[in-house]
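# Structural characterization, general
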Amino acid sequence: MEKLLGMSLVILWLQLARVNSQVEQNPESLHIQEGENVTMTCSYKTAIDNLQWYRQDSGRGLVLQILIRSNEKEKPNGRLRATLDTSTKSSFLFITASQAADTATYFCALD
Ligand SMILES: *[C@@H]1O[C@H](CO)[C@@H](O)[C@H](O)[C@H]1NC(C)=O
């Protein structure tokens, strides 16, 4: 009999939209299995110089994961990768083969 060892992984994803109507993040929370790929979206309304993706572990500060400038389309950081499309004013954060250690709250921020 096959045994399922999949560990559940929770990636929380808070909406900055509540504090800043210029930014929307989707989805609000993700519950995925280890090994799955994750996609998170950030949409914005203003002109930007750069967009940052942060992670926050409970009780800790924000830690910058990726900073992508308005003239860049894509930026990798290990298993993480961010894309930016300034025409649709949206950015995706991808996590490849998620691990339990990826469990965190992810934020995007604009400058
Ligand atoms: C996850 O993403 C990687 C890299 O893009 C891809 O090779 C792999 O097939 C994807 N896995 C799943 C389960 O979609």
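These numbers were taken from a predicted model, which means no experiment stands behind them.

Take the packing of aromatic side chains next. Under the criterion given, the structure shown has one aromatic pair. Plain terms: the ring middles of Phe92 and Phe94 are 5.8 Å apart, the flat faces sit at 25° to each other, and that makes the pair stacked. In this structure Phe92 comes out as partly exposed when scored by relative accessible area, which is 32%.

This next bit is on the nonpolar core. Counting residues in each nonpolar core, the largest one holds 19 residues, and the members touching the most others are Met40, Leu51, Trp53 and Leu93. Of all the secondary-structure elements, those providing two or more residues to this core are strand 3 (29-33), strand 4 (38-44), strand 5 (50-56), strand 6 (62-69), strand 8 (80-85), strand 9 (90-95) and strand 10 (105-110). Among the elements that take part in this core, strand 4 stands out by supplying four residues, more than any other.

Once that is clear, we can look at the environment of Leu62. Considering the arrangement of structural elements, one finds Leu62 in strand 6. When the C-alpha positions of Leu62 and Thr105 are compared, they lie 9.1 Å apart, and in sequence the two are 43 residues distant. In this structure, Leu62 is in contact with Tyr54, Arg55, Gln56 and Phe107, ignoring residues within four places of it in sequence.

Taken as a whole and judged by the stated rule, the model has four salt bridges. When the shortest N-O distance is used, the salt bridge between Asp57 and Arg55 registers 2.7 Å. The closest approach of N and O atoms between Arg79 and Asp102, which form a salt bridge, is 2.9 Å. Here Arg79 is found in the loop between strand 7 (74-77) and strand 8, whereas its partner Asp102 is found in the loop between strand 9 and strand 10, with 23 residues between them in sequence.

Let us look at the confidence of the model for the protein. Residue-level pLDDT values for the protein average 81, and 76% of them are 70 or greater. Predicted confidence in the protein is weakest over strand 1 (residues 8-12), with a mean pLDDT of 57, and strongest over strand 7, with 98. Taken together, the stretch residues 1-7 has pLDDT below 50 and engages in five contacts with residues farther than four places along the chain or on a different chain. Low confidence marks residues 14-19, where pLDDT is under 50. Its contacts with residues over four positions away, or in another chain, come to 15 contacts.

Another point: the state of the cysteines. For the structure on display, the rule yields one disulfide. Sulfur-sulfur distance for the disulfide between Cys42 and Cys108 comes to 1.9 Å. Across the S-S bond linking Cys42 and Cys108, the dihedral sits near 50°, which makes this disulfide right-handed. Remark: Cys108 occurs in strand 10 and Cys42 occurs in strand 4; sequence separation between them is 66 residues. Grouping residues by exposure puts Cys42 and Cys108 together as buried.

Our next topic: unusual backbone geometry. With a phi close to 50°, Lys89 is a non-glycine residue in the positive phi region. Tracing the backbone shows Lys89 in the loop between strand 8 and strand 9. A relative accessible area of 29% means that Lys89 is categorised as partly exposed. With phi around 45°, Ala97 is a residue other than glycine that occupies positive phi space. Assignment of secondary structure puts Ala97 in the loop between strand 9 and strand 10.

Scoring rules and cut-offs
- Residues numbered from 1 in each chain as written.
- Predicted model: local features only at pLDDT ≥ 70, side-chain atom pairs only at ≥ 80, totals over all residues.
- Heavy atoms only, no water.
- Phe/Tyr/Trp six-rings, centres within 6.5 Å; stacked < 30°, edge-to-face > 60°.
- Buried < 20%, exposed > 50% of the residue type's maximum accessible area, 1.4 Å probe, protein only.
- Core = buried A, V, L, I, M, F, W, Y, C linked by side-chain atoms within 4.5 Å.
- Helix = DSSP H or I, 4+ residues; strand = E, 2+ residues; numbered from the N terminus.
- Contact = heavy atoms within 4.5 Å.
- Salt bridge = Lys/Arg side-chain N within 4 Å of Asp/Glu carboxyl O.
- pLDDT = per-residue confidence, 0-100.
- Disulfide = S-S within 2.5 Å.

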